[in-house]
Amino acid sequence: MMSTSIFANVPKGPAIEVFALTRAFQDDASTKKVDLSVGAYRTDAGQPWVLPVVRKTEVGIATDELINHEYLPVTGLDSFTRAATELVLGSGSIALKEKRAFGVQTISGTGALRVAAEFLHHQLKRQTVYYSNPTWENHHKIFADTGFTKLHSYRYWDQNKRQLDLEGMLADLDQAPAESVIILHACAHNPTGMDPTQDQWKQIADLMQRKKLFPLFDSAYQGFASGDPDLDAWAIRYFVDRGFELFVCQSFAKNFGLYCERAGNLTIVQQSGSTRDMIHSQLALIIYIRYSNPPAYGARIVSKVLNTPELRQEWMESIKSMSSRIRQMRKLLRDKLVALGTPGNWDHIVNQIGMFSYTGLNEKQVGVLLKDYHIYLLKTGRINMCGLNTGNIDYVATAINAAVTFFPATAYKNKL
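What you see is a predicted model; the values in this text were computed from it and never measured. (Residues numbered from 1 in each chain as written. Predicted model: local features only at pLDDT ≥ 70, side-chain atom pairs only at ≥ 80, totals over all residues. Heavy atoms only, no water.)

### Notes on the overall build of the chain
So the rule is basically this: Think of it this way: any DSSP run of H or I at least four residues long counts as a helix, any run of E at least two long counts as a strand, and we number them from the N terminus. What the globule rule says is 2.2 Å times the number of residues to the power 0.38, and the radius of gyration is computed from C-alpha atoms. Each residue's exposure class comes from its accessible area (1.4 Å probe, protein chains only) as a fraction of the maximum for that residue type: buried when under 20%, exposed when over 50%, partly exposed otherwise. Accessible surface is estimated by sampling points in the Shrake-Rupley manner with a 1.4 Å probe; for residues, cover comes only from the protein chains shown.
Across its full length, the chain carries 17 helices and 13 strands. Computed over C-alpha atoms, the radius of gyration of the chain comes to 22 Å, within 12% of the 22 Å expected from 2.2 N^0.38 for 416 residues, which places it in the range of a compact globule. A principal-axis box enclosing the C-alpha atoms of the chain has dimensions of 70 × 60 × 55 Å. Put simply, the chain has 416 residues, and 53% of those count as buried. Working note: accessible area of the chain is about 19400 Å², and carbon and sulfur atoms make up 53% of it.

Here it is, written out as structure tokens:
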């Protein structure tokens, strides 16, 4: 008779909400179901979109007999990391001209965050990290798993006013000890969709410079947010111009539609290029221990597009198309909620930017949408604007109106 399995006492881990919702959506037989949960772009027909320039580039790569499947260097494809670093810092960046900046390829933005956290904790002995409240849940999990022992959030979203709580953010960061790592969303804040203005970014930079805090920018939506990669990188470039040493974690999942290819880059900006080789060598060791070296396919696509002027221009047209459709959906949803007389002020939907909107819906209201209308969204009320289209926008607006009317948020109505 076999003895008890050594795995018998392994507890079942909690479900990852967004993927659990996606599975539930797929299993739902309703013809009216709407998926507003997963963070991926959808066309107005509700379908995934392979960017035409990406498809064209894929064909070129597949037919290029000079390309083989040998290992990439540990820190990735050089033509990709150079192009990615230049994309985020700008071709005229003083840090690039002075050779104070470089990049290493990572497993998308998530991998960049992990490599950054490993380096900051083990090489710079950092223990303290701050992230926005709310933020992408992996920010806490990655830094906690890496070994950071002092994990804090700073105020960011004002739930009553449906806007950035800059005063609260600055007050919390003012309490952070020197050398704390501060995670900042470069643009299209996830999950709120609410970004600081340029003037507010300047106030944030003033405080962080005075307090000697270390900026770590999470840049998952450059170009995808506004349709202009330069505008979406404004905050990062401003901090670099101010003389900050910093990290930028880049993902090409959203702005290239390369979700499953995991193409990412970690950009490092130093005070002097003299420290490059030491930093690079330690990052290489972290990567080698974690996964040996990164995958080539997505990086080759991004590299080819960014380094070929005509392909880059095609990509620019694609990101403009995606961002403009999202803005259209924001306006339509706000306008329809207003037309229905939905309690509250819904201007925050159009004041936000990027893929996500923090609608302000509470858990009871979200429950109504899920149970009665088969509309799938996170319990926080975050929705993916890309899941809306001209075919379902009326249905979703009607459902939100019903949920808010049935379960009015008293505090919300009193504040607005």
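### Quick word on the packing of helix α3 (residues 78-89) against helix α10 (residues 234-241)
Stated formally: Helix axes are fitted only over the stretch in contact, all axes being lines through C-alpha atoms; the angle between N-to-C directions runs from 0 to 180 degrees. Any angle that is under 35 degrees is reported as roughly parallel, and any over 145 degrees as roughly antiparallel; angles of 65 to 115 degrees are reported as roughly perpendicular and all others as oblique. Contacts are assigned to residue pairs with any non-hydrogen atoms lying within 4.5 Å of each other.
Close contact between α3 and α10 brings their axes to 8 Å; oriented N to C, the two are set at 85 degrees. When the interaxial angle is binned, α3 and α10 end up roughly perpendicular. Residues E86, L87, V88 and L89 of α3 touch α10, and the partners they reach there are I236, R237 and V240.

### Overview of the sheet that holds strand β9 (residues 246-251)
Where we set the bar: When DSSP finds two or more bridges between a pair of strands, those strands are recorded as paired.
Read across the open sheet, the 7 strands follow the order β2-β10-β9-β8-β7-β3-β4; overall the sheet is mixed. Sheet topology places β2 (101-107) and β4 (150-155) at the edges, where each strand pairs with a single neighbour. For this sheet the average axis-to-axis angle between neighbouring strands, irrespective of direction, equals 25 degrees. When strand β3 (residues 128-133) meets strand β7 (residues 181-185), the two strands line up parallel, connected through 2 bridges. If you follow V129 over to β7, its bridge partner there is V181.

### Side note on the packing of aromatic side chains
Just so we agree on the cut-off: Two aromatic rings from Phe, Tyr or Trp, using only the six-membered ring of Trp, form a pair when their centres are within 6.5 Å; if the ring planes differ by under 30 degrees the pair is stacked, by over 60 it is edge-to-face, and anything between is tilted.
Here the structure, examined in full by the defined rule, presents 20 aromatic pairs. An angle of 50 degrees between the planes, with centres 5.9 Å apart, marks the rings of W201 and F217 as tilted. One end of the pair, W201, is in helix α8 (residues 198-211); the other, F217, is in strand β8 (residues 214-219), with 16 residues separating them in the sequence. On the basis of relative accessibility, which here comes to 0%, the residue F217 falls in the buried class. Taking the centre distance of 5.1 Å and the plane angle of 10 degrees together, the rings of W234 and Y238 count as stacked. Taken as a pair, W234 and Y238 lie in helix α10 at a separation of 4 residues, close to a single helical turn. With relative accessibility at 18%, the residue Y238 sits in the buried group.

### Some details on the side chain of Q250
Our working definition: Two N or O atoms form a polar contact when they lie within 3.5 Å of each other; inside protein one atom must be a possible hydrogen donor and the other a possible acceptor, and for residues adjacent in sequence the pair counts only when both atoms belong to side chains.
Summarising the element assignment, Q250 is placed in strand β9. Only 2.9 Å separates the side chain of Q250 from the side chain of T267, close enough to count as a polar contact. Non-local contacts of Q250, meaning those with residues more than four positions away in its chain, are made with A84, T85, V88, S108, G109, A112, S219, Q222, A263, G264, N265 and T267.

### With respect to the confidence of the model for the chain
What counts, and what does not: pLDDT is defined as a per-residue confidence score from the predictor, taking values between 0 and 100.
Scored by pLDDT, the chain comes out at a mean of 94, with 98% of its residues at no less than 70. Confidence drops under a pLDDT of 50 for residues 410-416, and excluding neighbours within four residues, the segment shows 14 contacts in the predicted structure.

### Points about the pairing of β3
We apply this condition: Assignment of crossover handedness uses the view with strands pointing away from the viewer, where a clockwise path from the first strand over the helix to the second indicates a right-handed crossover.
Of all 6 residues in β3, 5 are buried; the element is thus mostly enclosed. Running through helix α6 (residues 138-146), the crossover from β3 to the neighbouring parallel element β4 is right-handed.

### A word on the nonpolar core
A general feature of soluble globular proteins is that nonpolar side chains tend to end up buried together. Note the following rule: Put simply, a nonpolar core is a bunch of buried Ala, Val, Leu, Ile, Met, Phe, Trp, Tyr and Cys residues held in one set by side-chain atoms that sit within 4.5 Å of each other.
Grouped together as the largest cluster of nonpolar side chains are 58 residues, with contacts concentrated most on F252, F256, W315, L333, L388 and I400. Of all elements in the fold, only α2 (52-62), α3, α12 (297-306), α13 (309-339), α15 (363-373) and α16 (393-406) reach the threshold of two or more residues within this core. With 8 residues, the single largest contributor to this core is α13. Contacts of I400, omitting those with residues within four sequence positions, involve L333, L337, W346, L361 and L369.

### Examining the environment of L77
Within the fold, L77 resides in the loop between α2 and α3. A residue is classified by how much of its surface remains accessible, and L77, at 19% relative accessible area, is buried. Taking the C-alpha atoms as reference points, L77 and P294, separated by 217 residues in sequence, lie 8.6 Å from one another. Apart from residues no more than four positions distant in its own chain, L77 is found in contact with L72, Q105, A299, R300 and S303.

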